[in-house]
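Spelled out from the first residue to the last, the chains are:
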Amino acid sequence: MENQTTNPNNNSNANPNPSPNRNSITGSWPVWPTIDGPLGLSEEDSVRYARRFYKFGFAMLPWLWALNCFYFWPVLRHSRSFPAIRRYVLGSAVGFAVFTALLSLWALTFAIGGEHLFGPVWDQLVMYKLADKLELSGWS
């Protein structure tokens, strides 16, 4: 028999991932900045799109902030990944949270408070009474 020497570095069954964390989904850094992985945008294109979504969100299109947070979820989830993109995505998340809070506050103010909260000004604020006043409803 031949004397075989084994090389510990030449193991064909070794794990190609040198990370000691066995759960590759939760413990890994995102490789791609978008949720669609390798089918998505490159890092340069991602910065451009994230910046556009962030800026156009200020043009009374806050749903673009929500879209930005959804599309770049891996960047939002991992705090140290893609710092050039993260500032726009984090800004979008804050902007959308503020917009949602203000919209909810406005809707609840009118739904719960109503005439008791606004008093006689209520007749001027409510759209259906304004439509009747301007004869736009066609119900008269």
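None of these values were measured; they are calculated from a predicted model. Residue numbering note: each chain is counted from 1, following its sequence as written. The model is predicted, so local features are restricted to residues of pLDDT at least 70 and side-chain atom pairs to those at 80 or more, both for listing and for counting; the totals for chains, interfaces and linings are taken over all residues. Each side-chain value is derived from all of the structure's non-hydrogen atoms; neither hydrogens nor water enter the calculation.

Trainee: I keep staring at the overall build of the protein and nothing clicks. Help me out?
Mentor: Check the secondary structure of the protein and you find 7 helices and 0 strands. Each helix is a run of DSSP H or I of at least 4 residues and each strand a run of E of at least 2, with the numbering of both proceeding from the N terminus. Along the protein, helices and strands appear, N-terminal first, in the series α-α-α-α-α-α-α. Relative accessibility under 20% of the residue-type maximum defines a buried residue, over 50% an exposed one, and the middle range a partly exposed one, all with a 1.4 Å probe and only protein chains included. The proportion of buried residues among the 140 residues of the protein is 23%. A separation of at least 24 residues holds for 49% of the contacts in the protein among residues at least 6 apart in sequence. Per-residue accessibility takes into account occlusion by the displayed protein chains alone, with areas from the Shrake-Rupley method and a 1.4 Å probe. Accessible surface for the protein amounts to roughly 11100 Å². Of this, 62% is attributable to carbon and sulfur atoms. Should any heavy atoms of two residues lie within 4.5 Å, those residues are considered in contact.

Trainee: Is there a simple way to think about a nonpolar patch on the surface in this case?
Mentor: Judged by side-chain polarity, I35, W63, L67, F70 and W73 come together as a nonpolar surface patch covering roughly 560 Å² of accessible area. Sort the elements by how many residues they give to the nonpolar patch and helix α3 (residues 63-71) lands first, with 3 residues. Counting through the fold element by element, W73 comes out in helix α4 (residues 73-77). Patch membership needs two things, relative accessible area over 30% and no salt bridge, and members are linked within 9 Å if like-charged or within 5 Å if nonpolar (Val, Leu, Ile, Met, Phe, Trp, Tyr). The rule for a salt bridge is simple: a side-chain nitrogen of Lys or Arg has to be within 4 Å of a carboxyl oxygen of Asp or Glu.

Trainee: Help me understand the packing of aromatic side chains, please; the structure alone is not making it clear to me.
Mentor: By convention here, two paired aromatic rings are described through the distance between centres and the angle between planes. In this analysis, rings of Phe, Tyr and Trp, with Trp reduced to its six-membered ring, are considered paired at centre separations within 6.5 Å, and the interplanar angle assigns stacked below 30 degrees, edge-to-face beyond 60, and tilted for intermediate values. Inspection of every chain in the model, using the stated rule, returns 8 aromatic pairs. Consider the rings of Y54 and F58, whose centres lie 5.2 Å apart with planes at 85°: the pair is edge-to-face. Among the aromatic side chains, those forming a connected cluster through ring pairs are Y54, F58, W65 and Y88. A cation over an aromatic ring shows up here: R52 above the ring of Y49, its NZ or CZ 6.0 Å from the ring centre. Geometrically, a charge over a ring is one whose NZ (Lys) or CZ (Arg) sits within 6 Å of the ring centre while staying within 35 degrees of the ring normal.

Trainee: How should helix α2 (residues 43-57) be read in this particular structure?
Mentor: Residues spaced three or four apart along an α-helix face the same direction, because each turn holds 3.6 residues. When the terminal C-alpha atoms of α2 are compared, their 21 Å separation across 15 residues agrees well with the 21 Å that a helix rising 1.5 Å per residue should span. Every buried residue of α2 is listed here: S46, V47, A50, F53 and G57. For α2, the buried positions fall inside an angular range of 135° around the axis, keeping them on one side. When the buried face of α2 is taken as reference, the exposed residues oriented beyond 90 degrees from it are E44 and K55. Tucked into the core, α2 has its buried residues touching α3 and α5 (83-118). Take the residue count of a helix, subtract one, and multiply by 1.5 Å to get its expected span. The directions considered for the arc run from the helix axis to the C-beta atoms.

Trainee: Please explain the packing of α2 against α3 as it appears in this structure.
Mentor: Two measures define how a pair of helices packs: the angle their axes make with one another and the distance between the axes. As a packed pair, α2 and α3 sit with axes 7 Å apart at the nearest point and diverge in direction by 155°. Classified by the angle their axes make, α2 and α3 are roughly antiparallel. Pair α2 / α3 crosses with left-handed handedness. Together, A50, F53, Y54, F56 and G57 of α2 and L64, W65, L67 and N68 of α3 make up the contact between the two elements. When grouped by side-chain class, the residues that make up the contact of α2 with α3 number 7 nonpolar, 2 polar and no charged. To get an axis, fit a line to the C-alpha atoms, keeping to the stretch in contact for a helix; angles then go from 0 to 180 degrees between the N-to-C directions. Every angle not falling under 35 degrees, over 145, or within 65 to 115 is termed oblique; those three ranges are roughly parallel, roughly antiparallel and roughly perpendicular. Here a crossing is taken to be left-handed if its near helix is turned anticlockwise relative to the far helix by less than a right angle, and right-handed if that turn runs clockwise. Under the scheme applied, nonpolar residues are Ala, Val, Leu, Ile, Met, Phe, Trp, Tyr, Cys and Pro; charged residues are Asp, Glu, Lys and Arg; polar residues are all the others, including Gly.

Trainee: Explanation requested: the environment of R87 in the structure shown.
Mentor: The residue R87 is located in helix α5 in this model. Counting along the chain gives 11 residues from R87 to L76, while the straight-line C-alpha distance between them is 9.2 Å.

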